[in-house]
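Residues per chain, in single letters:
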Amino acid sequence: MPVVTDHDGVAMTPHAAPTGGDPYIRLGEILRLRRTHLPQKELRLKAEPESIDDCRIVAQAETTQYHFRGTPRWLAYVDVEEWRDHRRSQLSHTRPPTREDVFAPVKIVLAEHDWPIRAVLSYEAICPTRAKMGILGPGSSLWLAYAALAVLNSAVGQGLYREMLEEQEGRSRTPSGLSMSVLRQMPVAARNAPEGQLARVAHAAHQVTALYEAQEECRADFRNLIIATRERLLGEVCALLSLSEEHARNLIESVRPLPLDDHPGPDPQLMLFGETRDIPPVPPIKFLDEEERRSLERLRRQHKNGGIPSGDEGNWTRLRNLRLWEERLATRPPKYLEQANDREAEDEPFPIENLLGVHLPVKLVHETISGESYEYYPLGEYIVAAPGVCGGRAIFKKTRIDVRHILADLTNGRSEAEISSAFGGRIPLAALKEARILAAQNDPEVFEKRLVPAGRE
Amino acid sequence: MIVLDEQLNSDSVAKDFGAWDGRIVTMPQLGWAGLSDESILRILRQHRGCTFVTINHRDFWNVVDGDARCAIICLSLPTRREDEASDWVHRLFRMAPFSTQRARSGHVIKITAHADGAPRVWYYRRRSERRLGPVPLP
């Protein structure tokens, strides 16, 4: 039976923190955990987000394993800040989530009640009313966040939490709120687990999350698929945690009364940590059978060649959606979400009066088109530079089509007739000729630069 | 709904997008054809949950904040490679952080070509906040 040993060769269990090197990566290492408590009844909620400052409010009862249920409601985060400032002295036990946590790119939300532990990984702006919230630290692995999600929601994770709680705090339940110290100590992966195993768990946890989302979006019943995937994931989690078979089975048995979707039958097939380093990828999940696949291909061809016959539109949408979700499920989540330093250099404007082949002075022209004001500097009959349109570069009049793109097309051998027709005649042949003449007299770089204000100065 | 900027408004590009995703419209169908960059944001806000795709990445990336009602995808892709646009966006929609409209709304996303052939994804919500990326496009 495989066991994990510490440096002294002593058999370890995931909840016994070692004195030497810890054989487990713990939840507290990968997520910054905080408690949040916010009485939603005192806040003004909205049916839809209206600004970038709005976040989805999630009540504890809406936090289920792997997904949030219920109709989303939103609130402006500034309302939370105002409420906090107003009530700070009166309600010491409340703790609204910080702005940084709510708008963090990745977070795990854990409902406070532990029967069962319910964790959701979300990329949305989320404001939980009563939860523990874990934020992925900069540079941390997204795969480990998915592994944490899988462990926390699994039967073995539920069992481990209870074992550790009993050991550390002498109780087996935390109905009033998950124990922060036990959560931080929860093992997420054995440190010596192969990366391929972590990838498998991350992918399978992503599949489970996506299956719940697909079920909601496609209004389909994927319950059997969800149960099968969760059972497979349970085995993968055992392997990632390097649990002994006996320990894994005991943990699963200890939480049998819990309402979980990944409870295997009486003799579960568990993947246990072996010697192999050749870990196969996660098997794909298919929604479409062969006949539906053929129908989809036929409809795709019809769509390309003119249109979908009336009466087939519903089927076309359904099959296409299911195919899209199959592809999403087959795609492993990114390994890292790195912080980027991606500041592009500010474009230097090119003085319009330095353009060759333009009648000077170029004066601003005002027109009203369909009730909208349109201002531009004419560079010819068809080519203009309009403040605020396409960054102030040279464009074809009354369009958002850059001259630089069309010049690149011409350079690449596309004919003028072809270009004009591709844009539905909005660029007449005479306009293309004008572009060629202007390009012949100026450095091509000029068409990459703004000639007039980009619109936000 | 996917809204294509006017430079991507050729028949073949719209058909490529339409072959795998839902409703595809072009910017001139939603507003007047010569719209300013700022007017585009105003129009997008009126079409809740839409995703705007442009190859004029420099006019949006690092220039606008995200909006909770829509997503903005900036492709660093020359016109001559515009037939790759639908493939890039299609692959982006397979990625976990962007696979649902709710998750990608509020983000400004940029996809750039990369020497190893796998394009990279960058994104932010507000210009003042940190940017994330590069994440390889699946």
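Computed from a prediction, not measured in an experiment: that's the story for all the values here.

Thresholds applied
- Residues numbered from 1 in each chain as written.
- Chains lettered and ligands numbered in written order.
- Predicted model: local features only at pLDDT ≥ 70, side-chain atom pairs only at ≥ 80, totals over all residues.
- Helix = DSSP H or I, 4+ residues; strand = E, 2+ residues; numbered from the N terminus.
- Rg over C-alpha atoms; globule rule 2.2 N^0.38 Å.
- Buried ≥ 20, exposed ≤ 12 C-beta atoms within 10 Å, placed from the backbone.
- Contact = placed C-beta atoms within 7 Å.
- Pairing = 2+ DSSP bridges.
- Axes fitted to C-alpha atoms, helices over the stretch in contact; angles between N-to-C directions.
- Core = buried A, V, L, I, M, F, W, Y, C linked by C-beta atoms within 7 Å.
- Domains from an automatic or database assignment.

What follows deals with the overall build of chain B. Per the secondary structure count, chain B includes five helices and seven strands. Secondary structure of chain B in N-to-C order comes out as β-α-β-α-α-β-β-α-α-β-β-β. For a compact globule of 138 residues, the expected C-alpha radius of gyration is about 14 Å, and chain B comes in at 14 Å, within 12% of that figure. Considered along the principal axes of its C-alpha atoms, chain B spans approximately 40 × 35 × 25 Å. Counting only residues that meet the buried cut, chain B has 57% of its 138 residues in that class. Excluding contacts between residues fewer than 6 apart, the proportion of contacts in chain B whose partners are at least 24 apart in sequence is 46%.

The subject of this paragraph is the sheet that holds strand β7 (residues 131-136) of chain B. Picture the strands of a sheet paired through backbone hydrogen bonds; they go either parallel or antiparallel. Read across the sheet, eight strands follow the order β12(A)-β7(B)-β6(B)-β5(B)-β4(B)-β3(B)-β1(B)-β2(B) without closing on themselves; strand pairing throughout is mixed. The open sheet terminates on both sides in strands that have one partner only, identified here as β12 (339-340) of chain A together with β2 (24-26) of chain B. With three bridges joining them, strand β6 (residues 120-124) of chain B and β7(B) adopt antiparallel strand pairing. Its bridge partner being in β7(B), Arg120(B) is matched across the sheet by Pro136(B). In this fold helix α3 (residues 37-45) of chain B packs onto β1 (2-4), β3 (50-54) and β4 (70-76) of chain B, with an angle of close to 155° to the strand it touches most, β3(B).

A separate point is the nonpolar core. Residues and elements named next belong to chain A. The biggest cluster of nonpolar side chains holds 131 residues, and the ones touching the most others in it are Ala147 and Ala148. Among the elements that line this core, the one with the most residues is helix α4 (residues 142-153), at 11 residues. Beyond its immediate chain neighbours, meaning those up to four positions away, alanine 147 contacts Val188, Ala189, Leu198, Val201, Ala202, Ala205 and Leu240. Counting 30 residues, the second-largest nonpolar core is a separate cluster that includes Val384, Ala394, Phe396 and Val452.

It is worth spelling out the domain arrangement of chain A at this point. Along its sequence, chain A is organised into domain 1 (24-254), domain 2 (290-328) and domain 3 (352-448). Each of domain 1 of chain A and domain 2 of chain A was reduced to a C-alpha centroid, and the two centroids are 36 Å apart.

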